[in-house]
Amino acid sequence: MNWKRILQRRPRLTAELEAQIRRSFDEASRDEEHFPSTIDPRIYHVKLLLDHLGDLSGKRALDVGCGKGRFARIFQERYPTAEMWGLDISAEMLRHVPAGIQTRTGPMTALPFEDAWFDAAYATESLEHAVEIDVAVSEMCRVVKRGGRVAIIDKNAEHFGKLKTPDWERWFGRKELERLLRRSCREVRSQYISYWEDVEPDGMFLAWLAVK
């Protein structure tokens, strides 16, 4: 698999493709086994987000491509005074989001929020479905305040092909997303991660962490 060639593709999110992705996740919303409503709060993805985004008490944060809101649920429980928002392309997914988390339906490439409205934004294994990746990253950064924090957790392009994926899905090179984040953020770093803190990363997952 020539993952560098994959990274060079610039697919467009047409209305037809957006509708196809929406239908796919509407259907997947009925699959609790593979698209669960909760997540084990002990996994390293959660710890990393909590550490990087910091204390969200009294602040506003956005889960981009939130699905059923499993990560937003953890933030809501940890910081009851935080204003948590979830965005997803699938209204059926959003029906499962816990009460108290505000939601909006839409693609990651056109976030329905004002500039600099959030203190933090994160995307966990959702950016891979955005199609127009550069636009989605720019949108995430646009809606975050100066000094706010951005986090992306997703799969490494060097491992593309190891899992079955829909035609539109893309994985990312480490430097590719660093470059896109640096267009808007003054601090950017990345690291390999695994699901568990005491398990050595195998290179499948990367986390990109930024400060605007």
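Refer to the structure presented above.
Presented here is a report on the structure given in the accompanying data block. (Residues numbered from 1 in each chain as written. Predicted model: local features only at pLDDT ≥ 70, side-chain atom pairs only at ≥ 80, totals over all residues. Heavy atoms only, no water.)

The phi dihedral of Ala116 is positive, around 55°, even though this residue is not glycine. Summarising the element assignment, Ala116 is placed in the loop between β3 (102-105) and β4 (118-124). The phi angle at Val131 is positive, at roughly 70°, despite the residue not being glycine. Its place among the elements puts Val131 in the loop between β4 and α6 (133-142). On the basis of relative accessibility, which here comes to 3%, the residue Val131 falls in the buried class. (Helix = DSSP H or I, 4+ residues; strand = E, 2+ residues; numbered from the N terminus. Buried < 20%, exposed > 50% of the residue type's maximum accessible area, 1.4 Å probe, protein only.)

With their axes 11 Å apart at the nearest point, helix α3 (residues 44-53) and helix α4 (residues 70-78) run at an angle of 55° to one another. Taken together, the axis directions place α3 and α4 in an arrangement best described as oblique. Seen along the crossing, α3 lies across α4 with a hand that is right-handed. In contact with His45, Val46, Leu49, Leu50 and Leu53 of α3, α4 contributes Phe71, Ile74, Phe75 and Arg78. Looking at side-chain class alone, the contact of α3 with α4 contains 7 nonpolar, 1 polar and 1 charged residues. (Axes fitted to C-alpha atoms, helices over the stretch in contact; angles between N-to-C directions. Parallel < 35°, antiparallel > 145°, perpendicular 65-115°, else oblique. Left-handed = near helix turned anticlockwise from the far one by under 90°. Contact = heavy atoms within 4.5 Å. Nonpolar A, V, L, I, M, F, W, Y, C, P; charged D, E, K, R; others polar.)

Let us now look at the side chain of Lys212. Along the chain, Lys212 falls in the segment after β7 (205-211). Put simply, Lys212 is tucked away with no salt bridge, and the nearest opposite charge, on Asp115, sits 7.4 Å away. Among the polar contacts made by the side chain of Lys212, one reaches the main-chain carbonyl oxygen of Cys141 at a distance of 2.8 Å. Residues within four places of Lys212 in sequence aside, it is in contact with Cys141, Arg142, Val144, Lys145, Arg146, Gly147, Gly148, Ser184, Cys185 and Arg186. (Lys, Arg positive; Asp, Glu negative; His and termini not counted. Salt bridge = Lys/Arg side-chain N within 4 Å of Asp/Glu carboxyl O. Polar contact = N/O pair within 3.5 Å; in protein donor to acceptor, adjacent residues only side chain to side chain.)

Before going further, it helps to spend a moment on the pairing of β4. The element β4 is largely enclosed, with a buried count of 7 among its 7 residues. Here strand β1 (residues 60-64) pairs with β4 via 3 bridges, running parallel. Of the residues in β4, the one forming a bridge with Asp63 is Tyr122. Pairing between β4 and strand β5 (residues 144-155): 6 bridges, direction parallel. (Pairing = 2+ DSSP bridges.)

Our focus in this paragraph is the side chain of His129. Position of His129 relative to the elements: it lies in the loop between β4 and α6. A distance of 3.3 Å separates the side chain of His129 from the side chain of Glu128, its partner in a polar contact. When near neighbours in sequence (up to four residues on either side) are disregarded, His129 contacts Ile21, Phe25, Met108, Pro166, Trp168 and Glu169.

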